[in-house]
Amino acid sequence: MRIDIQRLVPDVMETLTRVDEPAQRVGLDRRLLALVKLRVSQLNGCAYCTDMHSKDAAALGEDAQRLHLLAVWREAPGFTAREQAALAWAEALTLLPQLGAPDDRFEELTGQFSANEVAGLTLAIIATNGWNRLCRAFQIPAGQYVSPYQAGAHATP
């Protein structure tokens, strides 16, 4: 690890977590959020966050095959229209310089989600991109994360 950012800036976790909170408040499915966050983390090449979100998704009951196919979700069977819309939006916002935030992806999204859900999902994507950049910048090591959703875990989700 390059810098212990949590020690130097103790409120960093609280600040980024606060950005993600609306996604929880509007009632978005935790498994869907874990998939979206995992896909964003894959695109950003963040090992720590990829490890974390794959463990969260698995602990929440996500099917292992779908986790394996997430990187190629467009070609893979088994992702619902709602999940596809969320994943397409996540990719558009993560790859913003290349893809922009195209109207067709936004229309697909609003066809599947309410305005409150779109706002919450968008903030979750923004927060995940922030976490990814933080973890990559300071080389936070992957592998030690234990999901709070895992049976026997002592953290609160």
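Up top you'll find the structure we're talking about.
What counts and what doesn't
Residues numbered from 1 in each chain as written. Predicted model: local features only at pLDDT ≥ 70, side-chain atom pairs only at ≥ 80, totals over all residues. Heavy atoms only, no water. Core = buried A, V, L, I, M, F, W, Y, C linked by side-chain atoms within 4.5 Å. Buried < 20%, exposed > 50% of the residue type's maximum accessible area, 1.4 Å probe, protein only. Helix = DSSP H or I, 4+ residues; strand = E, 2+ residues; numbered from the N terminus. Salt bridge = Lys/Arg side-chain N within 4 Å of Asp/Glu carboxyl O.

Visitor: How do you make sense of the nonpolar core when you look at a structure like this?
Guide: Looking at soluble globular proteins, one finds that nonpolar side chains tend to be buried together. Ranked by internal contacts, the top residues of the largest apolar core, which has 28 residues, are Val36, Phe113, Leu121 and Ile125. The set of elements that each furnish at least two residues to this core consists of helix H3 (30-44), helix H6 (81-94) and helix H9 (115-137). Grouped together as the second largest cluster of nonpolar side chains are 11 residues, Val12, Cys49, Phe138 and Tyr145 included.

Visitor: What should I look at first to understand the pattern of salt bridges in this one?
Guide: Opposite charge on two side chains permits them to pair, given that their charged atoms come into close proximity. As enumerated under the stated definition, the model contains 10 salt bridges in all. In this structure, Glu21 and Arg25 form a salt bridge, with 3.9 Å as the shortest nitrogen-oxygen distance. Separated by 4 residues within a single helix, Glu21 and Arg25 lie in helix H2 (residues 12-25), roughly one turn from each other. You can call Glu21 partly exposed: its relative accessible area is 35%. One salt bridge in this structure joins Arg39 and Glu91, with 2.8 Å as the shortest N-O distance. A residue pair is termed long-range when its members are at least 10 positions apart, and Arg39 in helix H3 and Glu91 in helix H6 qualify at 52 residues. Glu91 matches Arg39 in its accessibility class, with the two residues each being buried. What you see here is one network of salt bridges that share partners, running through Arg31, Glu62, Arg66 and Glu83.

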